[in-house]
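# Per-entry structural report
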Amino acid sequence: ILGGAIERACQQALILVCNFIISYACGCATSKEAYVAAFKRPSAPVICTLAQFLARPAIAYALCEALNVGNLPSIGILLCCCAPGGNGSNLMELLFGGDIELGIFCTVVSSLVSSGGIPLGIVLFINPWTDDSFELPWGELYYTLGAVLLGVVGGSYTRYKNDALGIKLESITATIGVIILLGTVA
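What this report covers is the structure whose coordinates are included nearby.

What counts and how
Residues numbered from 1 in each chain as written. Predicted model: local features only at pLDDT ≥ 70, side-chain atom pairs only at ≥ 80, totals over all residues. Heavy atoms only, no water. Salt bridge = Lys/Arg side-chain N within 4 Å of Asp/Glu carboxyl O. Helix = DSSP H or I, 4+ residues; strand = E, 2+ residues; numbered from the N terminus. Core = buried A, V, L, I, M, F, W, Y, C linked by side-chain atoms within 4.5 Å. Buried < 20%, exposed > 50% of the residue type's maximum accessible area, 1.4 Å probe, protein only. Contact = heavy atoms within 4.5 Å. Phe/Tyr/Trp six-rings, centres within 6.5 Å; stacked < 30°, edge-to-face > 60°.

### As for the pattern of salt bridges
Side-chain pairing between opposite charges can occur once the charged atoms of the two side chains come close. Counting across every chain of the model gives three salt bridges. For Arg41, the salt bridge identified is with Asp99, shortest N-O distance 3.2 Å. Remark: Asp99 occurs in the loop between α5 (87–96) and α6 (100–126) and Arg41 occurs in the loop between α2 (32–39) and α3 (43–66); sequence separation between them is 58 residues. The salt bridge involving Arg159 is made with Glu170; its shortest N-O contact spans 3.7 Å. Of the two residues, Arg159 sits in helix α7 (residues 138–161) while Glu170 sits in helix α8 (residues 163–185), which places them eleven residues apart along the sequence. One continuous salt-bridge network, built from bridges that share partners, spans Arg159, Asp163 and Glu170.

Right, dumping it as structure tokens:
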């Protein structure tokens, strides 16, 4: 039992470190002007949030029902569909030249809305397959949000104070983040 608890704690720590490093890299890729432009597009996080917490779980629920997927796999699929997008999308925006500031804005909004969006998804889509012992790991969700916010703020501040250093650290921390992410998945 103790070995499993230690392994889980190490996994959680690696995930938090990975989220922080990727967020820091994304923050280093930002500019004040682009953040202002992202905040002037409030419809984007609204669309992302509606897709995240209503459309995706509804489609997953319909597919699970249509394909007669068992209860436990259906719960896992729906939890993945209800969870906020997180840093994976931010990393892809960074690596492939997307609108990183808008992506960060959408990630933060969907993470904050998840406090209500995940329970809504549970009530609408998951409850038919669960019993009273079902619990969600809220602490892990908020630790991850904290790591993302700290990383983005730290990276953005670095870039704001020293543009050349921010550019250099963007590349270094993105590479480290990808390596940690791949190691964690493996």
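Now, onward.
### A closer look at the nonpolar core
In this structure, Ile22, Cys26, Leu94, Ile100, Ile104 and Val152 are the most contacted members of the largest nonpolar core, which totals 15 residues. Elements supplying a minimum of two residues to this core: α1 (2–28), α5, α6, α7 and α8. A per-element tally of this core places α1 first, with five residues. Residue contacts for Leu94: discarding those within four places in its chain leaves Ala25, Cys26, Ala29, Ile100, Glu170 and Ala174. Core analysis: the next-biggest nonpolar cluster, separate from the first, contains 13 residues, Cys82, Ile118, Phe125 and Leu141 among them.

### Re the packing of aromatic side chains
The tally for this structure, following the rule as stated, stands at four aromatic pairs. Taking 4.4 Å as the distance between ring centres and 65° as the angle between the ring planes, the aromatic pair formed by Phe39 and Phe105 counts as edge-to-face. Of the two residues, Phe39 is situated in helix α2 and Phe105 in helix α6; the sequence distance between them amounts to 66 residues. Judged by relative accessible area, Phe105 falls into the buried class, the value being 17%. Arranged with centres 5.8 Å apart and planes meeting at 50°, the rings of Tyr61 and Phe125 form a pair that is tilted. Highlighted residues: Tyr61 in helix α3 and Phe125 in helix α6, separated in sequence by 64 residues. Residue classification places Tyr61 among the partly exposed residues on the basis of a relative accessible area of 25%. Grouped by ring-pair contacts, the aromatic residues Tyr35, Phe39 and Phe105 constitute a single cluster.

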